[in-house]
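If you want the building blocks of each chain, they are given just below.
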Amino acid sequence: MTRSRFFFNSSVIRQNLRQHGWIGIIYTLALLFALPLQMFMNGDPNAKPQTVQNLFFVGGEIQMLFAVTVPVAAGLFLFRYLQAKMPSDLWHSLPLRREHLLVSHTVSGLILLMVPIWLTGAVAAMVQPLDSNMYIYTGSDALEWCLTLSILTLFLFIFSMFVGICTGQTVLQGAVTYILLLLPVMLLQLVNEHFGMYLYGYPRWFGIRAHIEVWSPILHMVYVNTNAFSAGDLWMYSALSVLLFALSILLYRRRHGEKAGQAIAFTYFNPLFKAGVMFCAMLISGTYFAQLKQLQLGWIIAGNLAGALIGYIAAEMIIRKTWQILTRRVPLEFAGYALLLGLLLYIPVSGISGYENRVPALDKIEGVYAGSDYASNDAYWNSSNPSISKDDPFTEDRDYVEAVRKLHLAVATARPEVPAGNSYSDYRQFYLSYRLDNGRIVQRSYMIPTAGFEPELKAVMESEGYKRKAYMLSRLEGDIEGFRLDNYNKALSLSDPQEVKEFKEILKREILNMTYEDQNQRLLRPAYASIQIMSKPDATGYQLYYAYEWQSSFKELGAWLEQKGYADRIRTKPGDIASAEIILDNYNDSLPVAERYDPERHLQLARSEKRSAVIHEAVPIADILEHQRYYSAKTGDYLVKLVYKEGRTDYMTLREQDLTPAVKAILP
């Protein structure tokens, strides 16, 4: 028994190294340039060495640019003999079993790819103590870099080899390799858009917005700086490499030599290939036309049919290697594929699933979340970001759970539509998330109008559970060193421990005591100041920052600041204002659409009609500051231009009920 007979053939390996050794040389030079050389390249002569979490931070995305291309290229060149008739006949005429050929070429590729990685890692470890090295890391960091890149390179090379065995053309092998590696992310986004358009209440962002790159090894490698590979990821890619290698051996035994030059080497893959291409084309075309024509049924059907036709023709031309594909069976086959794929797209968004009306039963719910930003509360999807809360986003209070259910039932029954050009202050974005007793998470998302759902919204928004999550009260319960209040060019810091303790408790009470009306006013009226917490650094040195607002409804907080003499140091006072110009704004119909949100154009028209008044007196200016709202350009409201003594200009809105006698007396 010799190793050449039962494992691999050393002559084949030597031949591959002589013929394709340039791949290893290029990979070595590329990695040496992307890692060790980058450690000594810095344009700032005064820069100090910086600590890095891992060596993938060095040189940005340059490392991954080579890491995602060279292993696939190695798979293309080493297995190119499968895709051309003469090389295929030559190699398969040798007295070697196919397992010998596959293992020998695989070992050749691994030598060409792994040696550069470990050589680069060794160089990175050796230059680590040099003074001119701009990065601080340890030998274990270099070892971790080697291990991670080795596993990823192994996976990409094996995957490229697997695709090469299933296809019969080198160009197609490269294209299909990258398409399949990116396909999970593309499909997730397309399906997400498809469900988001047709399923009422479907939360488009769920599972998609956060770390979507993990579904594609290529994108995950490109974004490795912000989302490092975990041990679980590396084990998964190692297992996939072993699985793909085993499948490669199995398929290679059954591959016919005459398949060289054909698009697909195994005919039983043809239906899957056609269906896959048609499905993606239908999703792209259908989604595009549905969005372009506001979900008009005719355009939706036409868009999906056009996508199906384009996808079918493209797949047929690739398989047959000719554009002359029209035969008698083509129309019937196309109709069959289109019908099946149409049902596959339609059934999940039809009423058959009951998705839109499904509200979990009260006795099945363990906890619930309701608010506008579930993602920032969900540590599962954001575990690598230290600024994201790791608190459990769910509340188990039964009264709160029932209030959320009633809101969900009311919205799912009424299904209110959101008209185009709606005012944000008239609607509430709500994510409803249930944790069921079987561990499942049920997610829904709605834009809920404030008019017509006041009882349900009030029951939810005045609950303590809602306020604790919506206003992140857990941030106030941490170890806080102080507060910083900001209002444009005014700032105030509170660092006295007793004052910090009092301020924190008052702020918590104010938030928990906010009524439904107070919370709605936050969307209409600017806050007096921003309140930023300054937490003590944690064990890793990370210092959490989070901002609240000093709302006009916070009477106890305002009184405390007044008592301490801090209020006038942070709030905007009439003395800060040089002038206030006010007009009754009825000029929307006189302006083109592009200028309706330009307050200066409204003021110009009012001045030309002598319908503006300029105020310098302190009393009416104080009234305006007290009742001001965000600028809305709404017909019938009053537009106010505030000119500050520091030179800043601001535009605000007053409504009829906001006008005090002092302001009314000055109106033109």
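Let me begin by describing the structure that accompanies this report.

### Here's the deal with the overall build of the protein
And then number 1: The helix and strand inventory of the protein stands at 23 helices and 14 strands.
And then number 2: For a compact globule of 668 residues, the expected C-alpha radius of gyration is about 26 Å, and the protein comes in at 33 Å, more than 25% above that figure.
And then number 3: For the protein, contacts bridging at least 24 residues in sequence account for 74% of all contacts bridging at least 6.
And then number 4: In the protein, 63 positive and 63 negative side-chain charges are present, and the distance between their average locations comes to 11 Å.

### Side note on the nonpolar core
And then number 1: In terms of nonpolar packing, the biggest core is built from 69 residues, with Met39, Leu55 and Leu149 touching the most fellow members.
And then number 2: Here this core gets 16 residues from one element, more than from any other, and that element is helix 7 (residues 139-166).
And then number 3: Contact partners of Leu55, with chain neighbours within four places excluded, come to Leu35, Met39, Gln63, Ala124, Tyr137, Asp141, Ala142 and Trp145.
And then number 4: With 28 residues, the next largest nonpolar core counts Leu473, Leu492, Phe503 and Ile511 among its residues.

### Things to note about a nonpolar patch on the surface
And then number 1: A contiguous nonpolar patch, built from Met236, Leu240, Leu243, Leu247 and Leu250 and spanning about 380 Å² of accessible area, is present on the exposed surface.
And then number 2: By the secondary structure assignment, Met236 is in helix 10 (residues 231-254).

### Re the pattern of salt bridges
And then number 1: The full count for this structure, using the stated rule, is 29 salt bridges.
And then number 2: Note that Arg329 and Glu316 form a salt bridge whose closest N and O atoms lie 3.9 Å from each other. Note that Arg329 is positioned in helix 13 (residues 329-349) and Glu316 in helix 12 (residues 297-320), a separation of 13 residues in sequence.
And then number 3: Using a relative accessible area of 40% as the deciding quantity, one classes Arg329 as partly exposed.
And then number 4: Since its relative accessible area comes to 1%, Glu316 is described here as buried.
And then number 5: Each of Lys274, Glu316, Arg320, Arg329 and Glu333 takes part in a single network of salt bridges with overlapping partners.

### Quick word on helix 4 (residues 70-78)
And then number 1: Within helix 4, seven of the nine residues are buried, which leaves the element mostly enclosed by the surrounding structure.
And then number 2: Buried within helix 4 are the following residues: Val70, Pro71, Val72, Ala74, Gly75, Leu76 and Leu78.
And then number 3: Residues of helix 4 that are buried sit in contact with helix 2 (10-34), helix 3 (62-67), helix 6 (98-126), helix 7 and helix 8 (170-198).

### So, the sheet that holds strand 6 (residues 480-487)
And then number 1: Read across the open sheet, the four strands follow the order 7-6-8-9; overall the sheet is antiparallel. Both outer strands of the open sheet, strand 7 (490-494) and strand 9 (545-550), are each paired with one neighbouring strand and no more. This sheet shows a mean twist of 20 degrees between the axes of neighbouring strands, independent of strand direction.
And then number 2: Relative to strand 8 (residues 529-535), strand 6 runs antiparallel, the two sharing six bridges. Its bridge partner lying in strand 8, Ile480 is registered against Ser535.
And then number 3: Most of the contacts of helix 17 (residues 497-512) go to strand 6, to which it runs at about 65 degrees, and overall it touches strand 6, strand 7, strand 8 and strand 9.
And then number 4: Strand contacts of helix 19 (residues 555-564): strand 6, strand 7, strand 8 and strand 9, with the helix running at about 95 degrees to strand 9, the strand carrying the most contacts.

### A short note on unusual backbone geometry
And then number 1: The backbone phi angle of Lys610 is positive, close to 55 degrees, even though this residue is not glycine.
And then number 2: Judged by its relative accessible area of 73%, Lys610 is exposed.
And then number 3: A positive phi angle, near 55 degrees, is found at Ala633, a position not held by glycine.
And then number 4: Within the secondary structure layout, Ala633 lies in the loop between strand 12 (629-630) and strand 13 (638-644).

### Describing the sheet that holds strand 3 (residues 365-371)
And then number 1: Taking strand neighbours across the sheet as the criterion, the three strands line up as 3-4-5 in an open arrangement whose pairing is antiparallel. The open sheet has two edge strands, strand 3 and strand 5 (441-449), and neither has a second partner. Each neighbouring strand pair of the sheet contributes to a mean axis angle of 15 degrees, computed without reference to strand direction.
And then number 2: Alignment of strand 4 (residues 427-436) against strand 5, held across nine bridges, turns out to be antiparallel. Paired with Ser433 across the strands is Gln443, a residue of strand 5.
And then number 3: Lying over the sheet, helix 14 (residues 398-414) contacts strand 3, strand 4 and strand 5, oriented at roughly 65 degrees with respect to strand 3.
And then number 4: Strand contacts of helix 15 (residues 454-461): strand 3, strand 4 and strand 5, with the helix running at about 60 degrees to strand 4, the strand carrying the most contacts.

### Some words on helix 22 (residues 618-627)
And then number 1: Listing the buried residues of helix 22 in full gives Pro620, Ile621, Asp623, Ile624 and Leu625.
And then number 2: Elements in contact with the buried residues of helix 22: strand 10 (577-584), strand 11 (612-615), strand 13, strand 14 (649-654) and helix 23 (661-664).

### Digging into the packing of aromatic side chains
And then number 1: Under the definition given, this model contains 24 aromatic pairs.
And then number 2: Relative to Tyr337, the ring of Tyr312 has its centre 6.3 Å away and its plane inclined at 50 degrees; by these criteria the two rings are tilted. Separated by 25 residues along the polypeptide, Tyr312 in helix 12 and Tyr337 in helix 13 bring together distant segments of the chain.
And then number 3: Taking relative accessible area as the criterion, Tyr312 reaches 1% and is therefore assigned buried.
And then number 4: Judged by its relative accessible area of 17%, Tyr337 is buried.
And then number 5: These aromatic residues form a ring-pair network of at least three members: Phe79, Tyr81, Trp91 and Phe157.
And then number 6: The lysine or arginine in question, Arg98, covers the ring of Tyr252, its NZ or CZ lying 5.1 Å from the ring centre.

### Focus on the pairing of strand 7
And then number 1: On strand 7, burial follows the alternation: Lys490, Leu492 and Leu494 on one face are buried, whereas Ala491 and Ser493 on the facing-out side are not.
And then number 2: When strand 6 meets strand 7, the two strands line up antiparallel, connected through five bridges. What sits directly across from Asp486, in strand 7, is Ala491.
And then number 3: Between the antiparallel neighbours strand 6 and strand 7 lie two residues, among them Tyr488 with a positive phi of about 55 degrees.

### Some thoughts on the packing of helix 2 against helix 6
And then number 1: The geometry of helix 2 relative to helix 6 is characterised by a closest axis approach of 9 Å and an angle of 30 degrees between their N-to-C directions. Here helix 2 lies roughly parallel to helix 6, going by the angle between them. Judged by the twist between their axes, the crossing of helix 2 over helix 6 is right-handed. Listed contacts from helix 6 to Val12, Ile13, Asn16, Leu17, His20, Gly21, Gly24, Tyr27, Thr28, Leu31 and Leu32 of helix 2 are Ser104, His105, Val107, Ser108, Ile111, Leu112, Leu113, Pro116, Ile117, Leu119, Thr120 and Val123.
And then number 2: Classifying every residue of the contact of helix 2 with helix 6 by side-chain character gives 14 nonpolar, nine polar and no charged.

### Concerning the environment of Leu182
And then number 1: Residue placement: Leu182 occurs in helix 8.
And then number 2: We classify Leu182 as partly exposed; its relative accessible area is 27%.
And then number 3: Put simply, Leu182 and Leu219 are 37 residues apart on the chain and 7.5 Å apart in space, counted from C-alpha to C-alpha.
And then number 4: When sequence neighbours within four positions are dropped, the list of residues in contact with Leu182 reads Ser216, Ile218 and Leu219.

### Comments concerning the pairing of strand 13
And then number 1: Taking burial as the measure, the seven residues of strand 13 include six buried ones, the bulk of the element.
And then number 2: Bridge count between strand 13 and strand 14: six bridges; the pairing is antiparallel. Bridge pairing in strand 14 places Val640 opposite Met652.
And then number 3: Turn length for the strand 13-strand 14 hairpin, with the two strands adjacent in sequence and antiparallel, is four residues, and the turn residue Gly647 shows positive phi of about 105 degrees.

Thresholds applied
Residues numbered from 1 in each chain as written. Predicted model: local features only at pLDDT ≥ 70, side-chain atom pairs only at ≥ 80, totals over all residues. Heavy atoms only, no water. Helix = DSSP H or I, 4+ residues; strand = E, 2+ residues; numbered from the N terminus. Rg over C-alpha atoms; globule rule 2.2 N^0.38 Å. Contact = heavy atoms within 4.5 Å. Lys, Arg positive; Asp, Glu negative; His and termini not counted. Charge placed at Lys NZ, Arg CZ, Asp CG, Glu CD. Core = buried A, V, L, I, M, F, W, Y, C linked by side-chain atoms within 4.5 Å. Buried < 20%, exposed > 50% of the residue type's maximum accessible area, 1.4 Å probe, protein only. Patch = residues over 30% accessible without salt bridge, like charges linked within 9 Å, V, L, I, M, F, W, Y side chains within 5 Å. Areas by Shrake-Rupley, 256 points an atom, 1.4 Å probe, with all protein chains shown as cover. Salt bridge = Lys/Arg side-chain N within 4 Å of Asp/Glu carboxyl O. Pairing = 2+ DSSP bridges. Axes fitted to C-alpha atoms, helices over the stretch in contact; angles between N-to-C directions. Phe/Tyr/Trp six-rings, centres within 6.5 Å; stacked < 30°, edge-to-face > 60°. Lys NZ or Arg CZ within 6 Å of the ring centre and 35° of its normal. Parallel < 35°, antiparallel > 145°, perpendicular 65-115°, else oblique. Left-handed = near helix turned anticlockwise from the far one by under 90°. Nonpolar A, V, L, I, M, F, W, Y, C, P; charged D, E, K, R; others polar.

In short, geometric facts, not functional conclusions.
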